[in-house]
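Survey of secondary and tertiary structure
Each chain, letter by letter, is given below.
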Amino acid sequence: MPSVSAHPDIMEKLVSLAKRRGFIFQSSEIYGGTGSVWDYGPLGVELKKNIKDRWWHAMVRARDDIEGLDAAILMHPRVWEASGHVAGFTDPLIDCRNCKRRFRADDPAIKGKPGTPDAQCPVCGSKGTLSEPRMFNLMFKTFMGPVEESAAVVYLRPETAQGIFVNFLNVQQSTRQKIPFGIAQIGKAFRNEITPGNFIFRTREFEQMEMQFFVEPGTDEAHFEYWKAQRMAWHRALGLAPERLRFKPHEQLAHYARAAADIEFDFGGSLGFQEVEGIHNRSDFDLGRHQEYSGKKLEYFDQPNNRRYIPYVIETSVGADRTALAVLVNAYREEEVPGESEGRTVLGLAPSLAPIKAGVFPLVKKDGMPEMAENIANDLRRALPIFYDDGGAIGRRYRRQDEVGTPFGVTIDGQSTQDGTVTVRDRDTLQQVRVAADQLRGYIAERIGPNE
Ligand code: GAP
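Residues numbered from 1 in each chain as written. Predicted model: local features only at pLDDT ≥ 70, side-chain atom pairs only at ≥ 80, totals over all residues. Heavy atoms only, no water.

1. A look at the sheet that holds strand β5 (residues 102-104)
The line we're drawing: One bridge is not enough; two strands pair if DSSP finds at least two bridges between them. Note on conventions: DSSP H or I runs of at least 4 residues are helices, E runs of at least 2 residues are strands, and numbering of each starts at the N terminus. Comment: axis = line fitted to C-alpha atoms, over the contacting stretch for helices; angle = value between 0 and 180 degrees taken between N-to-C directions.
A sheet is described by the order of its strands in space; here three strands give the open sequence β5-β4-β6, paired in antiparallel fashion. A single partner strand is all that each edge strand has here, and the edge strands are β5 and β6 (134-137). In this sheet, adjacent strand axes meet at a mean angle of 50° when their direction is disregarded. Sheet topology note: the strand β4 (residues 90-95)/β5 ladder contains three bridges and is antiparallel. Bridging from a neighbouring strand, aspartate 95 pairs with arginine 102 of β5.

Encoded structure:
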């Protein structure tokens, strides 16, 4: 069970801000919403893209030992038999015969032993109406082709990893990579979760960023430790507070795993520390099973030593949506502003993750300021996502950008039209410096730094 966090529960405030400012909306909201499925709005899509770009850069572009892949969501149904998902990707479920609700068997709100007369439904309160637990598979099923029959069943993938395993030799042979090397991909995954919730923390449609690193058996433990350290460093580099991050080794291992550890982030409130990433030593389980089920050899030929073997796999698996939530929770703060009666809400996002990099504001709508501001905005827009705002008091315009995490506010004032300089306000320190308008693009780009 999660421990209650020292950090406050800000989820409700975050959900409201996310909707109001265009980060995240409930899916199909005008129809009453779809359970635990979310849409990313104009700012949310930028934030999530920045996170994914950051991962892709660290895992693929900046290394010569990892290759990228984009495998299809629909795969041969035998893949999921080989992976163990058809037989084992299940949760025990309880039904209430009275109110028709479903619960996970380990739901702490259930009183008594389900299936017995004294067990009580946590929603309608009826006694004796809860069924015994039965296993429920979390994979979404659909049909391929025009006929809805059992032979045509395919699944929406519940993880991206299997697309990597089945392409192991395609990638290795086409790139001539030598072990150790990895394959990485970002893509959608689907799980018919019984207890989704906590906003985008656990949803039924989500994005994973997964990497499988293929290693020689016997070297797997050292690679496992290496990847644990690399991945923790990545989360810290996103700006997540170090004290809100920790490792959690798995005490009970999945059937495929020789070792496993989660990276957990403290989401605050009663949610507390929860997994954002899993790092697993999967041994030769996956390639071995696909070799068995497909009848195709998936061995690596180690030329210098003239031997063939099935590599072991170290997997790093992180949710893009869950990371986005961690980044938002970590960034959210409400604070007083010295010398002002109104406080402010700030998303203290790392500048490279911020959806908008700079707000551009003419101080007043006259004396040549709007014209100069528009020229500056057009110039900046060629390189950076920016927002032009000439409406209302300048303080309010700053606040609107603080709330969505925009790191810089560029104001064109009376002096600007005289000497060609503008003020640049720092979101966090509130300090303002004067910068020559023709130096602005370079100045802001340098302050943002690379997205890596
Ligand atoms: N291939 C291994 C694998 O899928 P997992 O621990 O089931 O492992 C890895 O998932 C990561 O995917 C999690 O740490 C989490 O960030 C994300 N994830 C899993 N289920 C999710 C869900 N229902 N909603 C959002 N993210 C999810």
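From this point, the discussion proceeds with the structure in view.
2. Some details on the pairing of strand β19 (residues 358-362)
The side chains of a regular strand alternate, residue by residue, between the two faces of the sheet. Inclusion rule: When accessible area is computed with a 1.4 Å probe and restricted to protein chains, residues below 20% of their type maximum are described as buried, those above 50% as exposed, and intermediate ones as partly exposed. A right-handed crossover is one whose linking path, passing over the helix from the first strand to the second, runs clockwise when the strands point away from the viewer.
Across the five residues that make up β19, a large majority, five, are buried. On β19, burial covers both faces: Ala358, Val360 and Pro362 on one face and Gly359 and Phe361 on the other are all buried. Relative to strand β20 (residues 386-388), β19 is paired through three bridges, and the arrangement is parallel. From the neighbouring strand, alanine 358 faces β20, where its bridge partner is isoleucine 386. This β-α-β element, β19 to helix α10 (residues 369-381) to β20, shows right-handed connectivity. Taken together, the five bridges between β19 and strand β21 (residues 408-412) define a ladder with parallel strand orientation.

3. What about helix α6 (residues 168-175)?
Definition in use: In this description, the arc belongs to the directions extending from the helix axis to the C-beta atoms. By definition in these notes, contact holds between two residues if any of their heavy atoms fall within 4.5 Å.
Residues of α6 that are buried include every one of Phe168, Leu169, Val171 and Gln172, and no others. On an axial view of α6, the arc spanned by its buried residues comes to 165°, and they lie on one face. When the buried face of α6 is taken as reference, the exposed residues oriented beyond 90 degrees from it are Gln173 and Ser174. Turning to α6, the residues buried within the fold contact β3 (66-68), α5 (161-166), β9 (181-190), β10 (205-215), α8 (285-294) and β14 (300-302). Following α6 by one or two positions, arginine 176 adopts a phi angle in the positive range, close to 55°.

4. Some details on the site of the ligand
Rules: Near is defined per residue: the residue qualifies when any heavy atom it owns lies within 4 Å of the molecule or strand. Polar contact criterion, stated in full: a pair of N or O atoms within 3.5 Å, where within protein one must be able to donate a hydrogen and the other to accept it, and residues adjacent in sequence count only if both atoms are side-chain atoms. All accessible-area figures derive from a Shrake-Rupley calculation using a 1.4 Å probe, and residue coverage is judged against the displayed protein chains alone. When residues are grouped by polarity, Ala, Val, Leu, Ile, Met, Phe, Trp, Tyr, Cys and Pro land in nonpolar, Asp, Glu, Lys and Arg in charged, and all others, Gly among them, in polar.
The environment of the ligand is made up of 19 residues, and the closest members are Glu159, Thr203, Glu210, Glu275 and Val276. One of the side-chain nitrogen or oxygen atoms of arginine 191 is found 2.8 Å away from an oxygen atom of the ligand. Measuring from an oxygen atom of the ligand, one finds a side-chain N or O atom of glutamate 275 at 2.6 Å. Burial of the ligand by the protein amounts to 91% of the accessible area it has alone, namely 550 Å². For the shell around the ligand, the elements supplying multiple residues, two or more each, are β10, β13 (273-281) and β16 (312-319). The greatest single-element share of the shell around the ligand, amounting to four residues, is contributed by β13. The residue inventory of the shell around the ligand, partitioned by class, reads four nonpolar, five polar and 10 charged.

5. Some thoughts on the sheet that holds β21
Strand order in the open sheet made by the five strands is β20-β19-β21-β22-β23, with mixed pairing throughout. The open sheet has two edge strands with one neighbour each: β20 and β23 (432-436). Strand after strand, the sheet turns through a mean of 25° between neighbouring axes, direction not considered. Here four bridges tie β21 to strand β22 (residues 421-426), and the two strands are oriented antiparallel to one another. Its bridge partner being in β22, valine 410 is matched across the sheet by valine 424. Sheet strands touched by helix α13 (residues 440-448): β19, β21, β22 and β23. Its angle to β21, the strand with the most contacts, is close to 165°.

6. Description of α10
In plain terms, the rule: By this rule the span expected of a helix is its residue count minus one, scaled by 1.5 Å.
Along its 13 residues, α10 runs 18 Å from first to last C-alpha, staying within 8% of the 18 Å computed at 1.5 Å per residue. Taken together, the buried positions of α10 are Met369, Pro370, Met372, Ala373, Ile376, Ala377 and Leu380. An end-on view of α10 places all buried positions within 160° of arc, on one side of the element. On the buried face of α10, the contacting elements are β19, β20, β21, α12 (414-419), β22 and α13.

7. Some points on the nonpolar core
Here is the rule we go by: In plain words, nonpolar cores are sets of buried Ala, Val, Leu, Ile, Met, Phe, Trp, Tyr and Cys residues tied together by side-chain atoms within 4.5 Å.
Ranked by size, the top nonpolar core spans 56 residues in total, and within it Phe23, Trp55, Phe267 and Leu325 carry the most contacts. The element that contributes the greatest number of residues to this core is helix α9 (residues 320-331), accounting for eight residues. With residues up to four places along the chain from it excluded, the contact list for leucine 325 reads Met11, Leu14, Asn198, Phe199, Ile200, Phe201 and Phe267. Within the second largest apolar cluster, 20 residues are counted, among which are Ile376, Leu380, Ala437 and Ile444.

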